[in-house]
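# Results of the structural survey
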Amino acid sequence: AGSPSASFLASATNVKVGQLVTFDATGSMAAPGASLVDYYWDFGDNLLNDEKGADASHAWSTPGTYTVVLGVVDNVGRIASTFKTIVVTP
(Lines give C-alpha, C1' and ligand atoms only; values in the text may rest on other atoms or scores of the structure.)
Protein backbone atom coordinates (compact mmCIF):
# COMPACT_ATOMS: atom_id res chain seq x y z
CA ALA A 1 0.00 0.00 0.00
CA GLY A 2 1.22 3.47 -0.85
CA SER A 3 0.10 7.03 -0.39
CA PRO A 4 -2.76 8.66 -2.25
CA SER A 5 -2.10 11.14 -5.04
CA ALA A 6 -3.68 14.58 -5.17
CA SER A 7 -4.49 16.17 -8.51
CA PHE A 8 -6.90 18.84 -9.68
CA LEU A 9 -7.85 20.89 -12.70
CA ALA A 10 -8.78 24.58 -12.61
CA SER A 11 -11.21 26.15 -15.09
CA ALA A 12 -8.80 29.12 -15.38
CA THR A 13 -5.52 30.25 -13.84
CA ASN A 14 -5.59 33.91 -14.93
CA VAL A 15 -8.83 35.59 -13.88
CA LYS A 16 -10.38 38.93 -12.97
CA VAL A 17 -11.48 39.95 -9.47
CA GLY A 18 -14.84 38.30 -8.75
CA GLN A 19 -14.56 35.75 -11.55
CA LEU A 20 -15.60 32.28 -10.38
CA VAL A 21 -13.03 29.53 -10.88
CA THR A 22 -14.11 25.90 -10.63
CA PHE A 23 -11.84 23.11 -9.50
CA ASP A 24 -12.10 19.38 -10.21
CA ALA A 25 -10.15 16.92 -8.05
CA THR A 26 -11.70 13.73 -9.41
CA GLY A 27 -8.27 12.84 -10.82
CA SER A 28 -6.99 12.32 -7.28
CA MET A 29 -6.52 8.66 -6.44
CA ALA A 30 -6.11 6.46 -3.40
CA ALA A 31 -3.57 3.67 -3.29
CA PRO A 32 -4.85 0.22 -4.33
CA GLY A 33 -7.16 -1.16 -1.66
CA ALA A 34 -7.79 2.26 -0.10
CA SER A 35 -10.33 5.01 -0.75
CA LEU A 36 -10.28 8.79 -0.46
CA VAL A 37 -12.47 10.03 2.36
CA ASP A 38 -11.69 13.76 2.65
CA TYR A 39 -10.74 16.64 0.39
CA TYR A 40 -9.49 19.94 1.83
CA TRP A 41 -9.21 23.17 -0.16
CA ASP A 42 -7.24 26.31 0.68
CA PHE A 43 -7.67 29.17 -1.79
CA GLY A 44 -4.77 31.24 -0.48
CA ASP A 45 -6.77 34.29 0.55
CA ASN A 46 -7.10 33.48 4.28
CA LEU A 47 -10.88 33.23 4.07
CA LEU A 48 -12.76 30.37 5.67
CA ASN A 49 -14.42 28.03 3.22
CA ASP A 50 -16.61 24.98 3.52
CA GLU A 51 -15.43 23.19 0.40
CA LYS A 52 -14.82 19.55 1.33
CA GLY A 53 -15.60 17.55 -1.81
CA ALA A 54 -13.86 16.58 -5.01
CA ASP A 55 -15.18 19.71 -6.70
CA ALA A 56 -14.95 23.28 -5.51
CA SER A 57 -15.32 26.84 -6.71
CA HIS A 58 -13.97 30.17 -5.56
CA ALA A 59 -13.77 33.84 -6.55
CA TRP A 60 -11.17 36.27 -5.19
CA SER A 61 -12.09 39.78 -4.08
CA THR A 62 -8.67 41.41 -4.47
CA PRO A 63 -6.00 41.22 -7.16
CA GLY A 64 -2.93 39.13 -6.47
CA THR A 65 -1.22 35.82 -6.96
CA TYR A 66 -2.80 33.03 -4.94
CA THR A 67 -1.73 29.47 -4.26
CA VAL A 68 -4.65 27.04 -4.23
CA VAL A 69 -3.86 23.91 -2.24
CA LEU A 70 -5.76 20.62 -2.38
CA GLY A 71 -5.22 18.03 0.32
CA VAL A 72 -6.67 14.52 0.19
CA VAL A 73 -6.92 11.93 2.96
CA ASP A 74 -7.52 8.21 2.49
CA ASN A 75 -9.42 5.83 4.76
CA VAL A 76 -6.28 4.87 6.71
CA GLY A 77 -5.16 8.45 7.32
CA ARG A 78 -2.52 8.85 4.63
CA ILE A 79 -2.42 12.31 3.05
CA ALA A 80 -1.24 13.95 -0.15
CA SER A 81 -1.43 17.50 -1.44
CA THR A 82 -0.80 19.54 -4.53
CA PHE A 83 -1.20 23.16 -5.59
CA LYS A 84 -1.80 25.53 -8.49
CA THR A 85 -1.12 29.25 -8.79
CA ILE A 86 -4.02 31.54 -9.70
CA VAL A 87 -3.30 35.11 -10.87
CA VAL A 88 -6.13 37.57 -10.19
CA THR A 89 -6.12 40.93 -11.97
CA PRO A 90 -8.40 43.96 -11.48
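The structure reproduced in this document is the subject of the present report. (Residues numbered from 1 in each chain as written. Predicted model: local features only at pLDDT ≥ 70, side-chain atom pairs only at ≥ 80, totals over all residues. Heavy atoms only, no water.)

### Looking at the environment of Q19
Locating Q19 in the fold gives a position in the loop between β2 (14-16) and β3 (21-24). Separated by 40 residues in the primary sequence, Q19 and A59 place their C-alpha atoms 5.4 Å from one another. Other than its neighbours up to four places away in sequence, Q19 contacts A12, H58 and A59. (Helix = DSSP H or I, 4+ residues; strand = E, 2+ residues; numbered from the N terminus. Contact = heavy atoms within 4.5 Å.)

### Concerning the sheet that holds strand β1 (residues 9-10)
Strands in a sheet are paired, the pairing made by backbone hydrogen bonds, and the direction either parallel or antiparallel. In space, the three strands of this open sheet follow the order β1-β3-β5, with antiparallel pairing throughout. Pairing within the sheet leaves two strands with one partner each, and these edge strands are β1 and β5 (55-58). (Pairing = 2+ DSSP bridges.)

### Topic: the sheet that holds strand β7 (residues 79-89)
Spatially, four strands are ordered β2-β7-β6-β4 in an open sheet, and the strand pairing comes out mixed. The two strands at the open ends of the sheet, each matched to only one other strand, are β2 and β4 (36-42). Strand-to-strand, the axes of this sheet are offset by a mean angle of 30 degrees, without reference to chain direction. Inspection of the sheet shows β4 paired to strand β6 (residues 64-74) by six bridges, in the antiparallel sense. Looking across to β6, one finds that Y40 is bridged to G71. (Axes fitted to C-alpha atoms, helices over the stretch in contact; angles between N-to-C directions.)

### With respect to the nonpolar core
Nonpolar side chains tend toward joint burial in soluble globular proteins. By size, the foremost hydrophobic cluster in this structure holds 21 residues, and its most contacted members are F23, Y39, W41, W60, V68 and L70. For this core, the elements supplying multiple residues, two or more each, are β3, β4, β6 and β7. When residues of this core are assigned to their parent elements, the largest contribution, four residues, is made by β6. (Core = buried A, V, L, I, M, F, W, Y, C linked by side-chain atoms within 4.5 Å. Buried < 20%, exposed > 50% of the residue type's maximum accessible area, 1.4 Å probe, protein only.)

### Re the pattern of salt bridges
According to the stated counting rule, one finds one salt bridge in the structure shown. Here R78 and D74 are joined by a salt bridge, their closest N and O atoms 2.8 Å apart. The class of R78 is partly exposed, set by a relative accessible area of 22%. (Salt bridge = Lys/Arg side-chain N within 4 Å of Asp/Glu carboxyl O.)

### A short note on the packing of aromatic side chains
This model, assessed by the stated rule, comprises eight aromatic pairs. Their ring planes at 40 degrees and their centres at 5.7 Å tell us that F23 and W41 sit as a pair that is tilted. Of the two residues, F23 is situated in strand β3 and W41 in strand β4; the sequence distance between them amounts to 18 residues. Residue F23 shares its accessibility class with W41, and that shared class is buried. Between F43 and W60, the ring centres sit 6.4 Å apart and the planes meet at 80 degrees, which makes this aromatic pair edge-to-face. In this pair, F43 is assigned in the loop between β4 and β5 and W60 in the loop between β5 and β6, connecting sequence segments 17 residues apart. (Phe/Tyr/Trp six-rings, centres within 6.5 Å; stacked < 30°, edge-to-face > 60°.)

### Concerning the side chain of H58
If you trace the backbone, H58 turns up in strand β5. What makes H58 buried here is its relative accessible area of 11%. A distance of 2.6 Å separates a polar atom in the side chain of H58 from a polar atom in the side chain of D45. Not counting chain neighbours up to four residues away, the residues in contact with H58 comprise Q19, L20, V21, F23, F43 and D45. (Polar contact = N/O pair within 3.5 Å; in protein donor to acceptor, adjacent residues only side chain to side chain.)

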